[in-house]
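Each chain, letter by letter, is given below.
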Amino acid sequence: MSGKKVFIKTYGCQMNVYDSERMAEALAASGYEATGEADDADLVVLNTCHIREKATEKIYSELGRYKKRKAERPDFRIAVAGCVAQAEGEEIVRRQPLVDVVVGPQAYHRLPELLRRGGVQTNTDFPVNDKFAELPERAAGNRSVSSFLTVQEGCDKFCTFCVVPYTRGAETSRPVTQVESEALRLVGRGAREIVLLGQNVNAYHGTGPDGECWSLARLIRALARIEGLQRIRFTTSHPRDMSADLIEALGSCHKLMPYLHLPAQSGSDKILKAMNRRHTAEDYLRVIGRIRKARPDILISGDFIVGFPGETDADFADTLELVRKVHYGQAYSFRYSPRPGTPAAERPQVSPETAAERLDELQSLLRSQQREVQWRMVGRTVPVLFEKPGRRPGQLVGKSEYLHSVHCSAADELIGESVPVRIIRAEPNSLLGELA
Ligand code: SAH
Ligand code: SF4
Ligand code: F3S
């Protein structure tokens with residue numbers, strides 16, 4: 001054991017959160033202890049996101065912070081992992097020579113080896129070898145009530161604004177038995193909820209133990225049989241892959257939570273076409289209709305982009321109309337950010353002022369819908385799965401089935417338990433409840 005400490009900073013989506021956990025475990029196996037303090041670290045890993053320009057630029061300003069330490073301590077190491085690593089490769093070291101290692105999302109199982117070899121290493125290829133087969137098994141410690149589990153990676157959809165198909169590569173699904181054994185280990189170390197992750201998780205098509213190709217719905221039904229596992233969620237889904245069996249599972253599988261993140265991006269057919277989403281606003285609404293028929297209480301969440309090249313006031317009005325029709329319980333909205341190498345970046349851009357105004361308008365509509373959904377929770381008694389200590393002493397925080405954060409006075413022994421809670425107040429980003 002070298003007794004070294006690693007600080008991992010995670011940017012971007014849940015997939016990166018999962019990857020950071022796996023990197024921490026891989027590094028622990030070669031003697032690096034995780035620390036929450038950047039100042040203590042012998043190794044800093046930035047697990048980066050390339051989705052919007054801001055996310056990428058953050059990395060370079062963060063790297064600059066370590067200049068002094070690098071000068072004082074030649075053994076101090078910096079690794080850049082994740083989607084910026086994949087997209088920019090060697091360029092990162094050219095722009096910031098402080099960086100020792102650059103490692104892409106499909107190669108991070110090699111991180112300990114890259115660090116040992118020393119010097120500047122870029123390994124951002126997609127190895128044929130499955131990284132999951134090479135990573136150490138999930139460590140026993142690290143109890144967390146809700147755990148992420150990546151089941152599908154990459155994307156073949158090529159939306160014209162998006163870097164993911166380039167940073168994460170082609171769509172691949174992990175085999176069913178590999179997913180099942182990881183789920184069992186997670187439940188064995190205390191997980192009560194598992195969130196299945198994929199850039200297009202509902203396109204999951206892993207090989208089953210029977211040699212057949214399993215859908216996400218079939219995988220979920222198999223995982224639902226794990227004793228001790230109380231809740232299953234999945235994210236992110238694409239409207240085109242909302243198959244009949246998955247919709248049916250949302251209605252009938254009681255461990256599958258009534259929450260669905262289904263990005264629409266825009267409500268204008270012209271813009272959806274230019275984005276290469278390959279569905280219309282009407283198609284999206286029809287899917288939502290079928291889902292709500294199967295699971296009437298489901299909370300719908302979405303993603304939107306405003307100011308996509310060519311978006312007119314009328315196109316934006318179509319987006320607002322779609323939002324009014326769906327009524328979202330949760331949503332994320334972004335100003336379009338042109339990304340190098342993507343087709344939309346080459347098109348005439350909407351002015352930043354117009355895009356900013358549209359974003360404000362959309363966000364205030366989404367906020368009001370979100371609040372309304374939260375207010376409707378007040379007075380109801382709902383199961384809350386407690387995850388950890390809350391803001392105030394004596395409080396725990398957990399999640400409703402609809403993914404609301406719920407704060408409640410309760411004893412620590414209830415962590416990991418699903419308990420009926422009466423909701424007494426809605427706060428801007430959470431709910432307040434009392435044990436029923
Ligand atoms: N796989 C998911 C989303 C992945 S990226 C899907 O297909 O929906 C997460 C979100 O970031 C997207 O839903 C989109 O709303 C936003 N996004 C992606 N690229 C963007 C860009 N160039 N500019 C602004 N937002 C973007
Ligand atoms: Fe990006 Fe589109 Fe793939 Fe989602 S479906 S990851 S938005 S290319
Ligand atoms: Fe960002 Fe990569 Fe996720 S670009 S959103 S970290 S897949």
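Residues numbered from 1 in each chain as written. Chains lettered and ligands numbered in written order. Predicted model: local features only at pLDDT ≥ 70, side-chain atom pairs only at ≥ 80, totals over all residues. Heavy atoms only, no water.

Novice: Could you give me a rundown of the packing of aromatic side chains, with the residues and numbers involved?
Specialist: Enumeration over the complete set of coordinates arrives at 6 aromatic pairs. Judged by centre distance (5.8 Å) and plane angle (40 degrees), the ring pair of tyrosine 66 and phenylalanine 76 falls under tilted. Here phenylalanine 76 lies in the loop between helix 3 (67-72) and strand 4 (77-81) and tyrosine 66 lies in the loop between helix 2 (53-64) and helix 3, a separation of 10 residues in the sequence. Classification of tyrosine 66 as buried rests on a relative accessible area of 2%. A centroid spacing of 5.6 Å and a plane angle of 70 degrees characterise the contact between phenylalanine 158 and tyrosine 166, whose relative ring orientation is edge-to-face. In this structure an aromatic cluster arises from ring pairing among Phe161, Phe308 and Tyr336. The ring of phenylalanine 76 carries the charged tip of arginine 69 above its face, separated from the ring centre by 4.6 Å. Looking at arginine 95, its charged tip hangs above the ring of tyrosine 60, at a distance of 3.6 Å from the centre. (Phe/Tyr/Trp six-rings, centres within 6.5 Å; stacked < 30°, edge-to-face > 60°. Helix = DSSP H or I, 4+ residues; strand = E, 2+ residues; numbered from the N terminus. Buried < 20%, exposed > 50% of the residue type's maximum accessible area, 1.4 Å probe, protein only. Lys NZ or Arg CZ within 6 Å of the ring centre and 35° of its normal.)

Novice: Break down the site of ligand 1 for me, citing the residues and quoting the values.
Specialist: In the neighbourhood of ligand 1, 15 residues make up the surrounding shell, with Phe161, Gln199, Gln265, Asp303 and Ser337 lying closest. At 3.0 Å, a backbone N or O of phenylalanine 161 approaches a nitrogen atom of ligand 1. Relative to its unbound accessible area of 540 Å², ligand 1 is 90% covered by the protein chains. Looking at the shell around ligand 1, the elements that each hand over two or more residues are strand 15 (299-306) and strand 16 (330-335). The residue makeup of the shell around ligand 1, split by class, is 6 nonpolar, 4 polar and 5 charged. (Near = heavy atom within 4 Å. Polar contact = N/O pair within 3.5 Å; in protein donor to acceptor, adjacent residues only side chain to side chain. Areas by Shrake-Rupley, 256 points an atom, 1.4 Å probe, with all protein chains shown as cover. Nonpolar A, V, L, I, M, F, W, Y, C, P; charged D, E, K, R; others polar.)

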